[in-house]
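A closer look at the structure
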Amino acid sequence: MSIGGSTAERELADLRPWPDPAPPIGAQERLARLARARALMATIGAEAIIVGAGASLRYFAGVPWNATERLVALVLPAEGEPRMICPRFELGSLEASLGIDAEILLWEEHESPYELTARALGGARTLAIDPALPFFAFNGLRQAAPDVALVDGAPVIDGCRMIKSPAELALMSQAKAMTLEVHRRAARILAPGITTGAVRRFIDQAHRALGADDGSSFCAVQFGEASAYPHGLPGEQALADGDLVLIDTGCRVQGYNSDITRTYVFGAPSPEQVRVWEIERRAQAAAFAAVKPGVPCEEIDAVARRVLASEGFSPDYDLPGLPHRTGHGIGLSIHEAPYLVRGDKTPLAPGMCFSNEPMIVIPDAFGIRLEDHFHVTETGAAWFTEPQVSLEKPFG
């Protein structure tokens, strides 16, 4: 059984927490990350870097907080102990989350966290800024430390995060395997009249049952013509026989993301659906085969487009064809640098991780996206999850 024939209740009852969870990131790995950041800081002439709440703070310090209007940040000097800037009333929560040894500097609600941060720089004259730091925080620092040169910290942040360690690859492998299992079970609950909302709710519950951090990190379910819109249409759709089904979803494990898309037909596919699906499969396979260390990211996008152009689709971003990039980096952020897109000349390197999703969109008809992820190896690429087998048998 591959599509239909079961129920949400039956499938959920059969799920258990993941039997062999990957270990969390350890203290020694975080120390290595800080050392790598300091080495990269030297290449851009930065004497310190500030990392705000979000994925990068989790990466370096283990603190899984999202950014808010209150400044929570890591200040990493070129030499000396890391310093954490935090509201005083959050001290207990910070201590429970912090994964590195750091001096903790606290500010009260009526005080300026930016003046505190300026003092924490310890005389640094050049400060690298986390590219995800909110503008209001950047502006506050600029006013509190007018004599400090503020430079782009992306070469440091991205330079560290784009290369994944074996521990990171293991966490991502688990997340992706969990999502693929959820995909299999979502296909089984399909029946005439089921709504996109009902499928989304099942996918969230299934991710939770397997032990994902917070259920689905996102979920797009598109039936029929709605699949021709890369991120779908508003409102509910009800499944009918012959509808194309596009489901794109993911979860997090210890903060690390999965993001997998499957496209198939509920019922018998049309000749045109079969033709376009096969072209999509070939484009995805060609992009994967082109991966080698040293190849520019943009070349992988170009390879996929050449396959589409050979079949009469646009070689650019026009429709019918591929309207978006062929892939994105992935890790603690679902979309992160570098990107498989024209203009990104970053050389591929072992440890980089990407989606591979050269979607084909035919306006007012349907869209087909096959999305799996790979990591770059010393000799080429390795899939996290095996690509879809066929249109008729999406899971073999």
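Described in the following lines is the structure provided in the data block. Note that the structure is predicted; figures quoted are calculated from it, not measured.

One face of the sheet, then the other: side chains in a regular strand alternate in exactly this way. Burial along strand β5 (residues 126-129) is two-sided: the face carrying T126 and A128 and the face carrying L127 and I129 are both buried. Relative to β5, strand β1 (residues 48-52) runs parallel, the two sharing three bridges. Residue pairing for β5: I49 is matched across the bridge by A128. Here β5 runs beside strand β6 (residues 149-152); their pairing, made up of four bridges, is parallel. Within β6, the residue paired with I129 across the bridge is D152. Crossover connection from β5 via helix α6 (residues 135-144) to parallel β6: handedness right-handed.

This part takes up the pattern of salt bridges. When the charged atoms of two side chains with opposite charge come close together, those side chains can pair. Taken as a whole and judged by the stated rule, the model has 26 salt bridges. Where R188 meets E11, a salt bridge forms, and the shortest distance between an N and an O atom there is 3.3 Å. Residue R188 is located in helix α8 (residues 166-188), and its partner E11 is located in helix α1 (residues 8-13); the two are separated by 177 residues in the primary sequence. A single burial state applies to R188 and to E11, both of which are buried. Among the ionic pairs, R281 bridges to E278, the shortest N-O distance being 3.0 Å. One end of the pair is R281 and the other is E278, both in helix α10 (residues 271-289) and three residues apart, which spans about a single turn.

Taken in spatial order, the six strands make up an open sheet running β4-β3-β2-β1-β5-β6, and their pairing is mixed. The two strands at the open ends of the sheet, each matched to only one other strand, are β4 (103-107) and β6. Looking at each pair of strands side by side, their axes are set apart by 25° on average, direction ignored. Seen against the sheet, α6 touches β1, β5 and β6 and runs at an angle of roughly 175° to β5.

A few words on unusual backbone geometry. Note on backbone geometry: most residues besides glycine have negative phi, and most peptide bonds are trans. In this structure, P320 follows L319 across a cis peptide bond, with omega equal to 0°. For P320, the location among the structural elements is in the loop between α11 (297-310) and β11 (327-329). The phi dihedral of Q254 is positive, around 50°, even though this residue is not glycine. Relative to the assigned elements, Q254 resides in the loop between β8 (244-253) and β9 (256-257). Even without glycine at this site, D364 takes up a positive phi of about 65°. Along the chain, D364 falls in the loop between β14 (360-362) and β15 (366-368). Since its relative accessible area comes to 62%, D364 is described here as exposed.

So, about the nonpolar core. L57, F60, M84 and L348 are the most contacted members of the largest nonpolar core, which totals 101 residues. The residues touching L348, leaving out its near neighbours within four places in the chain, are V291, K292, P293, G294, V295, C297, I300, L340, F354 and V376. Core analysis: the next-biggest nonpolar cluster, separate from the first, contains 20 residues, I50, L71, L105 and V148 among them.

For β1, the buried fraction is high: five of the five residues fall into the buried class. Side-chain alternation along β1 places A48, I50 and G52 on one buried face and I49 and V51 on a second face that is also buried. Two elements, β1 and strand β2 (residues 73-77), share five bridges in a ladder whose sense is antiparallel. Bridge pairing in β2 places G52 opposite A73.

Here we take up the environment of S173. Relative to the assigned elements, S173 resides in helix α8. Relative accessible area serves as the criterion here: at 31%, S173 is assigned to the partly exposed category. Along the chain, S173 and R201 lie 28 residues apart, while their C-alpha atoms are 24 Å from each other.

Attention now goes to helix α2 (residues 27-44). With 18 residues, α2 extends 26 Å between its outermost C-alpha atoms, agreeing within 8% with the 26 Å of an ideal straight helix rising 1.5 Å per residue. All buried positions along α2 are accounted for by E29, R30, R33, L34, A37, L40 and M41. Here the buried residues of α2 occupy an arc of 145° about the axis, which is enough to place them on one side. Among the exposed residues of α2, those oriented more than 90 degrees off its buried face are Q28, A42 and T43. G45 sits one or two positions beyond α2 and adopts a positive phi of about 75°.

For the pair helix α5 (residues 113-120) and α6, the least separation of the axes is 8 Å and the interaxial angle reads 60°. One way to sum up the angle between α5 and α6 is to call them oblique. In terms of crossing hand, the pair formed by α5 and α6 is right-handed. Together, Y114, E115, T117 and A118 of α5 and F136, A137, G140, L141 and A144 of α6 make up the contact between the two elements. Partitioning the contact of α5 with α6 into residue classes produces six nonpolar, two polar and one charged.

The rules we used
Residues numbered from 1 in each chain as written. Predicted model: local features only at pLDDT ≥ 70, side-chain atom pairs only at ≥ 80, totals over all residues. Heavy atoms only, no water. Buried < 20%, exposed > 50% of the residue type's maximum accessible area, 1.4 Å probe, protein only. Helix = DSSP H or I, 4+ residues; strand = E, 2+ residues; numbered from the N terminus. Pairing = 2+ DSSP bridges. Right-handed = clockwise from strand over helix to strand, strands pointing away. Salt bridge = Lys/Arg side-chain N within 4 Å of Asp/Glu carboxyl O. Axes fitted to C-alpha atoms, helices over the stretch in contact; angles between N-to-C directions. Contact = heavy atoms within 4.5 Å. Core = buried A, V, L, I, M, F, W, Y, C linked by side-chain atoms within 4.5 Å. Expected span 1.5 Å × (residues − 1). Arc of directions from axis to C-beta. Parallel < 35°, antiparallel > 145°, perpendicular 65-115°, else oblique. Left-handed = near helix turned anticlockwise from the far one by under 90°. Nonpolar A, V, L, I, M, F, W, Y, C, P; charged D, E, K, R; others polar.

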